[in-house]
Amino acid sequence: MFKKILIANRGEVALRIIFACRELGIKTVAVYSEADENSLHVRFADEDVRIGPARSADSYLNVPAVISAAEITGADAIHPGYGFLSESAYLAEVCEACHIKFIGPDPQVIRLMGDKARARRVMKKAGVPILPGSDGPIEGEEKALKVAKEIGYPVIVKATAGGGGRGMRVVRVPADLSTAVKTAAREAEAAFGVGDVYIEKYIESPRHIEFQVLGDQYGSVIHLGERECSIQRRHQKLIEESPSPGFSDKMRRRMGGMVIDAAKAVQYTNAGTFEFLMDAAGHFYFMEANTRLQVEHPVTEMVTGVDIVKEQIRIAAGERLSLKQGDVTFTGHSIECRVNAEDPETFVPSPGVIRVFSMLTGPGVRVETFAHSDCTISPFYDSMIAKIIVHGRDRKEAIARMRRALEMAVVEGIKTTIPLHLRVLSDPEFINGQLSTSYMERFLARPRPTSGRLAEAV
Ligand code: MV4
């Protein structure tokens, strides 16, 4: 087992990784930027190294600085968390060269999944359903028109290097295809330095369902079920849950089995997430795979009882998976709300000093946060300040617990998205589990009371 792990991240996920290390008896090294000197991840790590100025590009994204910090402190592994360098095949390669274990999949697997067109081909070969589309990157206008005609409109043009919604264009008529391909390619070139795009059949208002997998270095792979992540706005997830409402055990076994085969086909190790789109008829199609720990991993932990971060560390250290597929059970229902430092009406970031911060827990309530009274929320980083995660015997109890926890949360000094969460959690459509990726857009477009008792109630 590792003696010392460097955590190449900040915020709540850095703390989450410190918790796991402490429980495993592993020493920790925090790295931090000038803006994070007084952060809790620095306070609770055994050692800390300042790696640069506030801007992420100069600190948390600086590979030489991160590697130097690991060398200086004698860390034998690096956990990248999520965001920042978590899906950098380059960091994983440099770690290999420096004999520091990168806690994540091998660089080749990270690189494969980073190329969405290649990942599509590999998944298809492994027997995972994919949407009809181009076999690889599109070469030329004629080819694009030919493929689109074959699969039928609407189609979606996506960047091979994309993900998270950047460099995407929906095309409904052939006349718009050429412009869409060009603008998507230009956007992709600017954002990722790779201008390749591919085409897929477009699904209207799909559900976003993802599967958590764990694979060890001996070829064993298990899945921990699905997460429903359809409640998002502009590709930022707001609420996630597990199980997905209306998802059957049969479906979980079927999709889970496919995901395991797919992970085995690419010799996947460590934690990973396979994302799918599900159409109204219940058909599902592979979208992309994320080669990192995800923000929403706690909902899976709550229903399975598996500590995903500890599993990641054990796997990277060369241990076998601590459980077999047959040992994985799914109990009750879990929901996560991401609390962001944003105006709940306009979503404009609301950095500043939190004067009073309190998030009471209680039965079936878990809070993951780096915030506390008198802490400063920096404008330099992601606006997520806390995750409230609940577990209940069923979805109804989970919703009631979440409402209670949100109602009793106190955050003074900055604006947060808590009022928005409370509105969603009392919406009959949400309560009935009528979810899709267009839910939030419709929800936000709906007229609502601006004053009076009803407005005060929500
Ligand atoms: C799609 C799609 C419909 N059809 N692909 C958005 C993020 C990127 N990773 C892929 N995305 C989508 N791909 C086809 N063929 C709809 C989306 C999409 C979406 C997906 C998941 C969660 C939220 C979304 C919001 C808008 C569009």
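From a predicted model like this one, the values you see are computed outputs, not experimental measurements. (Residues numbered from 1 in each chain as written. Predicted model: local features only at pLDDT ≥ 70, side-chain atom pairs only at ≥ 80, totals over all residues. Heavy atoms only, no water.)

## A word on the overall build of the chain
Short version of the rule: Only DSSP runs of H or I with at least four residues qualify as helices, and only runs of E with at least two residues qualify as strands; both kinds are numbered from the N terminus onward. We compute the radius of gyration over the C-alpha atoms and compare it with the globule rule, which gives 2.2 Å times the number of residues raised to the power 0.38. Here the term buried applies to any residue with accessible area under 20% of the maximum for its type, exposed to any over 50%, and partly exposed to those in between, with areas from a 1.4 Å probe on protein chains only. Contacts between residues were defined by any pair of non-hydrogen atoms, one from each residue, lying within 4.5 Å. Here the Shrake-Rupley method, with its probe set to 1.4 Å, supplies the accessible areas, and only the displayed protein chains count as covering residues. Positive charges are assigned to Lys and Arg, negative charges to Asp and Glu, while His and the chain termini are left out of the count. Lys charges are placed at NZ, Arg charges at CZ, Asp charges at CG and Glu charges at CD.
Helix and strand counts for the chain stand at 16 helices and 20 strands. Relative to the 2.2 N^0.38 estimate, which gives 23 Å for 458 residues, the radius of gyration of the chain is 22 Å and therefore close to what a compact globule would have. Seen through its principal axes, the chain has C-alpha atoms that stretch 65 × 60 × 45 Å. Out of the 458 residues belonging to the chain, those deemed buried represent 57%. Of all intrachain contacts in the chain linking residues separated by at least 6 positions in sequence, the fraction that spans at least 24 positions is 65%. Of the accessible surface of the chain, which amounts to about 19,600 Å², a share of 51% is contributed by carbon and sulfur atoms. In the chain, 58 side chains carry a positive charge and 59 a negative one; their mean positions are 3 Å apart.

## Regarding helix H8 (residues 177–192)
The test is simple: In this analysis, the expected span of each helix is defined as 1.5 Å times one less than the number of residues it contains.
For H8, which comprises 16 residues, the first-to-last C-alpha distance of 22 Å matches the rise-based estimate of 22 Å (1.5 Å per residue) to within 8%. All buried positions along H8 are accounted for by Leu 177, Ser 178, Ala 180, Val 181, Thr 183, Ala 184, Ala 185 and Ala 188. Residues of H8 that are buried sit in contact with helix H7 (141–151), strand E6 (155–163), strand E7 (166–171) and strand E8 (197–201). Directly beyond the C-terminal end of H8, a positive phi value near 75 degrees is found at Gly 193.

## Observations regarding the environment of Lys 149
Structurally, Lys 149 can be placed in helix H7. A residue is classified by how much of its surface remains accessible, and Lys 149, at 71% relative accessible area, is exposed. Along the primary structure Lys 149 and Asp 58 are separated by 91 residues, whereas in three dimensions their C-alpha atoms are 46 Å apart.

## Details of the domain arrangement of the chain
The condition is simple: As used throughout, domain bounds are those supplied by an automatic or database domain assignment. Here's the idea: put two parts together, see how much 1.4 Å probe accessible area each one loses, and the total over both is what we call buried area. In the sections that follow, a salt bridge refers to a side-chain nitrogen of Lys or Arg positioned within 4 Å of a carboxyl oxygen of Asp or Glu. N or O atoms within 3.5 Å of each other form a polar contact, as long as, within protein, one can give a hydrogen and the other can take it, and as long as residues adjacent in sequence are counted only when both atoms are side-chain atoms.
Split into domains, the chain comes out as domain 1 (4–103), domain 2 (132–201) and domain 3 (207–456). Using C-alpha coordinates to define each centre, domain 1 is positioned 24 Å away from domain 3. Together, the buried faces of domain 1 and domain 3 total about 2,300 Å²; carbon and sulfur atoms form 64% of this surface. Looking at the side of domain 1 facing domain 3, the largest losses of area belong to Glu 12, Arg 16 and Tyr 82, adding up to 28% of the total buried there. Taken together, the connections running from domain 1 to domain 3 amount to five salt bridges. The tally of links between domain 1 and domain 3 comes to 10 residue pairs in polar contact (both at pLDDT 80 or more). It is helix H1 (residues 11–24) that contributes the most residues to the side of domain 1 that touches domain 3, 10 residues altogether.

## Quick word on the site of the ligand
What counts, and what does not: Consider each residue's heavy atoms; a residue with any of them within 4 Å of a molecule or strand counts as near.
Lys 158, Glu 200, Lys 201, Ile 203 and Glu 288 are the nearest of the 17 residues found near the ligand. Within the side chain of Lys 158, an N or O atom sits 2.9 Å from a nitrogen atom of the ligand. At a separation of 2.7 Å, a nitrogen atom of the ligand approaches a polar backbone atom of Lys 201. The fraction of the free accessible surface of the ligand (520 Å²) that becomes covered by protein chains is 90%.

## Focus on the pattern of salt bridges
Two side chains carrying opposite charge are able to pair once their charged atoms lie near each other. Counting across every chain of the model gives 36 salt bridges. Residue Arg 252 is joined to Glu 226 by a salt bridge in which the shortest nitrogen-to-oxygen separation is 2.7 Å. Note that Arg 252 is positioned in helix H9 (residues 249–265) and Glu 226 in strand E10 (residues 221–233), a separation of 26 residues in sequence. Note on accessibility: Arg 252 and Glu 226 belong to one class, buried. Across the pair Glu 397 and Arg 401 runs a salt bridge, and its minimum N-O distance is 3.7 Å. With Glu 397 and Arg 401 both in helix H12 (residues 395–407) and four residues apart, the pair spans about one turn of that helix. In this structure Glu 397 comes out as partly exposed when scored by relative accessible area, which is 22%. By sharing partners, the salt bridges in this structure join Glu 210, Arg 227, Lys 237, Glu 240, Glu 296 and Arg 338 into a single network.

## Concerning the nonpolar core
Our working definition: Residues belong to one nonpolar core when they are buried, are Ala, Val, Leu, Ile, Met, Phe, Trp, Tyr or Cys, and are joined through side-chain atoms within 4.5 Å.
Counting 40 residues, the largest nonpolar core has Ile 354, Met 359, Ile 385, Ile 388 and Phe 430 as its most contacted members. Residue assignment for this core shows that the elements contributing at least two residues are strand E11 (236–242), strand E14 (333–340), strand E18 (375–377), strand E19 (384–392), H12, helix H13 (418–425) and helix H15 (439–445). With residues up to four places along the chain from it excluded, the contact list for Met 359 reads Val 339, Val 367, Ala 386, Ile 388, Ala 409, Val 411 and Ile 418.

## Topic: the layout of surface pockets
Selection rule: Residues are said to line a cavity or pocket when one of their atoms sits within 4 Å of a point; the points come from a 1 Å grid over protein atoms alone, cavities being sets where a 1.4 Å probe fits but cannot get out and pockets being open sets with protein on both sides within 12 Å along at least five of seven lines. Grid points are joined across faces, edges and corners, and a volume is the space filled by probe spheres set on the points. Under the grouping applied here, Gly and all other residues not named as nonpolar or charged are polar, the nonpolar ones being Ala, Val, Leu, Ile, Met, Phe, Trp, Tyr, Cys and Pro and the charged ones Asp, Glu, Lys and Arg.
Counted as a void, the second largest pocket has a volume near 260 Å³. Residue lining of the second largest pocket: 15 residues in total, with His 223, Asp 249, Arg 252, Arg 253 and Phe 330 positioned closest to the centre. Mapped by element, the contributors of at least two residues to the lining of the second largest pocket are E10 and H9. Of the residues forming the lining of the second largest pocket, the biggest block, three residues, is contributed by H9. For the lining of the second largest pocket, a count of residues per class yields five nonpolar, six polar and four charged.

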